Amino acid sequence: SSLVEVSVRTESIIATGITGLRLEHIDFEQTAGGGVYIQNGNGLVANGLVGKDDLNYNFVIENSRNAILQNSDFSNTQKQSIFVNGTANDSVAIKNNRITNLGMSGSPAGSCCAISLSGTTNGRIENNTIKNSSYHGIGFQNVEGLQIKNNHIENFCLRLDDCGGI
């Protein structure tokens with residue numbers, strides 16, 4: 001095992017237009033923008049990631065297909081942890097992840113969801129554990145064919161009051 005430390009201005013990883021990308025057991029922390037940003041991809045598998053103390057988000061999937069984010073651990077993120085956004089997301093699975101202390105430091109303004117899906121077809125959110133969210137545990141809009149099952153959401157709406165677990 002080895003440790004590689006780099007200075008990160010915005011995101012730790014940015015990948016655009018890549019097919020078949022695999023991200024395995026990568027740790028990132030204290031990014032100014034966010035941990036991982038995937039755009040216009042196909043066949044992504046992200047497994048065993050660890051993200052801590054990121055300013056805006058831990059993981060973003062935008063306009064991508066056949067993506068899986070699983071077995072990852074995200075904590076102490078300022079705004080949102082996992083964000084699936086765009087109009088061309090299809091078959092995105094968010095499963096077996098742990099998210100703790102979302103939006104609990106700094107200003108709660110801009111805090112959103114531990115897991116958020118927008119513009120997604122055939123999405124799955126399953127077997128995730130969410131603890132201590134300043135706003136929503138799971139949020140979604142403009143989705144079709146979304147399955148949400150077997151998630152544990154504990155302590156939500158801790159800093160804002162117009163929200164819910166799901």
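Residues numbered from 1 in each chain as written. Predicted model: local features only at pLDDT ≥ 70, side-chain atom pairs only at ≥ 80, totals over all residues. Heavy atoms only, no water.

Novice: Teacher, can you tell me more about the overall build of the protein here?
Specialist: When you go through the protein residue by residue, the secondary structure sums to 0 helices and 19 strands. A burial count over the protein gives 45% of its 166 residues as buried. In the protein, the proportion of contacts linking residues at least 24 apart, taken out of those at least 6 apart, comes to 50%. Accessible surface, the protein as shown: approximately 7900 Å² in total, 44% of it carbon and sulfur. (Helix = DSSP H or I, 4+ residues; strand = E, 2+ residues; numbered from the N terminus. Buried < 20%, exposed > 50% of the residue type's maximum accessible area, 1.4 Å probe, protein only. Contact = heavy atoms within 4.5 Å. Areas by Shrake-Rupley, 256 points an atom, 1.4 Å probe, with all protein chains shown as cover.)

Novice: Please explain the nonpolar core as it appears in this structure.
Specialist: The nonpolar side chains of a soluble globular protein tend to be buried with one another. Formed by 26 residues in total, the largest nonpolar core has its most connected members in Leu49, Phe59 and Ile115. Where this core is concerned, the elements lending two or more residues are β4 (34-39), β7 (57-62), β8 (65-70), β10 (82-85), β11 (89-95), β12 (98-102) and β13 (113-118). The greatest single-element share of this core, amounting to 3 residues, is contributed by β13. Excluding anything up to four places from it in sequence, Leu49 contacts Leu23, His25, Ile26, Phe28, Val36, Phe59, Leu69, Asn71, Ser72, Asp73 and Phe74. (Core = buried A, V, L, I, M, F, W, Y, C linked by side-chain atoms within 4.5 Å.)

Novice: I tried to follow the confidence of the model for the protein on my own but got confused; where do I start?
Specialist: Close inspection of predicted coordinates is inappropriate in any region flagged by low pLDDT. The predicted model of the protein has a mean per-residue pLDDT of 84, with 85% of residues at 70 or higher. Mean pLDDT across the elements of the protein ranges from a minimum in strand β17 (residues 136-141), with 84, to a maximum in strand β5 (residues 45-47), with 96. (pLDDT = per-residue confidence, 0-100.)

Novice: Looking at this structure, I do not really get the environment of Thr120. What am I missing?
Specialist: Here Thr120 shows up in strand β14 (residues 120-121). Through-space distance from the C-alpha of Thr120 to that of Gly86 is 7.3 Å; in sequence the pair is 34 residues apart. Beyond its immediate stretch of four places on either side in the chain, Thr120 contacts Val84, Asn89, Asn142, Val143 and Glu144.

Novice: Hey, could you run me through the side chain of Glu62 in this one?
Specialist: Within the element layout of this structure, Glu62 appears in strand β7. In this structure, Glu62 is buried with no salt-bridge partner, the nearest side chain bearing the opposite charge being Arg65 at 15 Å. In this structure the side chain of Glu62 is engaged in a polar contact, spanning 2.9 Å, whose partner is the side chain of Gln39. Within the structure, the side chain of Glu62 is placed 3.4 Å from the side chain of Asn85, a separation counted as a polar contact. (Lys, Arg positive; Asp, Glu negative; His and termini not counted. Salt bridge = Lys/Arg side-chain N within 4 Å of Asp/Glu carboxyl O. Polar contact = N/O pair within 3.5 Å; in protein donor to acceptor, adjacent residues only side chain to side chain.)

Novice: Before we go on, may I ask you to explain the sheet that holds β7 in this structure?
Specialist: Sheet strands associate in pairs through backbone hydrogen bonding, adopting either a parallel or an antiparallel arrangement. Here we have 6 strands laid out as an open sheet, ordered β1-β4-β7-β10-β13-β17, and parallel in their pairing. For this open sheet the edge positions go to β1 (11-16) and β17, each flanked by a neighbour on one side alone. Neighbouring strand axes in the sheet, compared pairwise and without regard to direction, differ in orientation by 10° on average. Inspection of the sheet shows β4 paired to β7 by 5 bridges, in the parallel sense. (Pairing = 2+ DSSP bridges. Axes fitted to C-alpha atoms, helices over the stretch in contact; angles between N-to-C directions.)

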